[in-house]
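These are the residues of each chain, in order.
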Amino acid sequence: MKILESEIFSYIDQRLKCASQRSLSELNYLCVKDKEVKIGGKICKENSWDEPLSEGVIFVVEISFKKHLLDTVFTKGLIFNGIDRTILSQEEMWDLGFG
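Below you will find a few notes about this structure. Bear in mind the structure is a predicted one, so any value in this text is a computation, not a measurement. Along each chain, numbering runs from 1 in the same order as the chain's sequence is written. Local features in this predicted model are restricted to residues whose pLDDT is 70 or higher, and side-chain atom pairs enter the listing and the counts only when it is 80 or higher, whereas totals over whole chains, interfaces and linings include all residues. With hydrogens and water excluded, all non-hydrogen atoms of the structure serve as input to the side-chain values.

1. What to know about the nonpolar core
Here comes step 1: We call a set of buried residues a nonpolar core when its members are Ala, Val, Leu, Ile, Met, Phe, Trp, Tyr or Cys and they connect through side-chain atoms within 4.5 Å of each other. Throughout, exposure labels follow a simple rule: accessible area from a 1.4 Å probe, protein chains only, divided by the maximum for the residue type, with under 20% read as buried, over 50% as exposed, and the rest as partly exposed. I8, I12, I39, F59 and I63 are the most contacted members of the largest nonpolar core, which has 18 residues in total.
Here comes step 2: Mapped by element, the contributors of at least two residues to this core are α1 (5–20), β1 (32–39), β3 (56–67) and β4 (70–81).
Here comes step 3: Runs of H or I in DSSP of at least four residues are treated as helices and runs of E of at least two as strands, each being numbered from the N terminus. Ranked by the residues each element gives to this core, the list is headed by α1, at six residues.
Here comes step 4: Core analysis: the second largest hydrophobic core is formed by six residues, V60, I79, M93 and F98 among them.

Here it is, written out as structure tokens:
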């Protein structure tokens, strides 16, 4: 079964929306490691974590799955800077060294 990129990013966007409604102190409750999730009928692995940046704190959501013996990874992030929240695209995450 082929998984669509749009389905993966929809899942990531839902997780980031949930994170955006939390305070920084609550982000730890959303962090997971190697959690199996089903997206578009395919089992994927989710990793999510937070880490400090010079602009604030970023909450990262990464979805990966095996494709022809290689890991395919999709990543987006949410920067917390005071009361501001900014979602970063996969390309912006690459620029920061994620994904």
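2. A word on the environment of F98
Here comes step 1: Along the chain, F98 turns up in the segment after α2 (90–96).
Here comes step 2: On a C-alpha basis, the gap between F98 and S23 in space is 23 Å, while along the polypeptide they are 75 residues apart.
Here comes step 3: Note on contacts: a residue pair is in contact if any heavy atoms of the two residues lie within 4.5 Å. When sequence neighbours within four positions are dropped, the list of residues in contact with F98 reads W49, E51, I58, V60, T75 and M93.

3. Let's talk about the side chain of Q90
Here comes step 1: With respect to the helices and strands, the residue Q90 is situated in helix α2.
Here comes step 2: In protein, a polar contact requires one atom able to donate a hydrogen and another able to accept it; more generally it is a pair of N or O atoms within 3.5 Å, and residues adjacent in sequence count only if both atoms are side-chain atoms. Polar contacts involving the side chain of Q90 include one to the main-chain amide nitrogen of T75, which spans 2.9 Å.
Here comes step 3: Apart from residues lying up to four places away in sequence, Q90 is in contact with F9, V73, F74, T75 and K76.

4. As for the environment of K35
Here comes step 1: Within the fold, K35 resides in strand β1.
Here comes step 2: For the pair K35 and S23, spaced twelve residues apart in sequence, the C-alpha to C-alpha distance is 23 Å.
Here comes step 3: If sequence neighbours within four positions are ignored, K35 has contacts with C44, K45 and E46.

5. Notes on the packing of aromatic side chains
Here comes step 1: The criterion for an aromatic pair is that two Phe, Tyr or Trp rings (for Trp, the six-membered ring) have centres within 6.5 Å, with stacked assigned to planes under 30 degrees apart, edge-to-face to planes over 60 apart and tilted to the rest. As enumerated under the stated definition, the model contains three aromatic pairs in all.
Here comes step 2: Arranged with centres 5.5 Å apart and planes meeting at 90°, the rings of F9 and F74 form a pair that is edge-to-face. Remark: F74 occurs in strand β4 and F9 occurs in helix α1; sequence separation between them is 65 residues.
Here comes step 3: Using a relative accessible area of 8% as the deciding quantity, one classes F74 as buried.
Here comes step 4: With 6.4 Å between their ring centres and 45° between their planes, W49 and F98 make a pair best called tilted. Placement of W49 in strand β2 (residues 42–53) and of F98 in the segment after α2 is noted, with a sequence separation of 49 residues between them.

6. Notes on the pattern of salt bridges
Opposite charge on two side chains makes pairing possible when the charged atoms of those side chains draw close.
Here comes step 1: For this analysis, a salt bridge means a side-chain nitrogen from Lys or Arg found within 4 Å of a carboxyl oxygen belonging to Asp or Glu. The tally for this structure, following the rule as stated, stands at two salt bridges.
Here comes step 2: Close ionic contact of D13 with K76 constitutes a salt bridge, the shortest N to O distance being 2.6 Å. Of the two residues, D13 is situated in helix α1 and K76 in strand β4; the sequence distance between them amounts to 63 residues.
Here comes step 3: Judged by its relative accessible area of 32%, D13 falls in the partly exposed class.
Here comes step 4: Residue classification places K76 among the buried residues on the basis of a relative accessible area of 13%.
Here comes step 5: For R15, the salt bridge is made with E46, and the minimal N-O distance between the two is 2.6 Å. Linking R15 in helix α1 with E46 in strand β2, this pair joins segments that are 31 residues apart in sequence.

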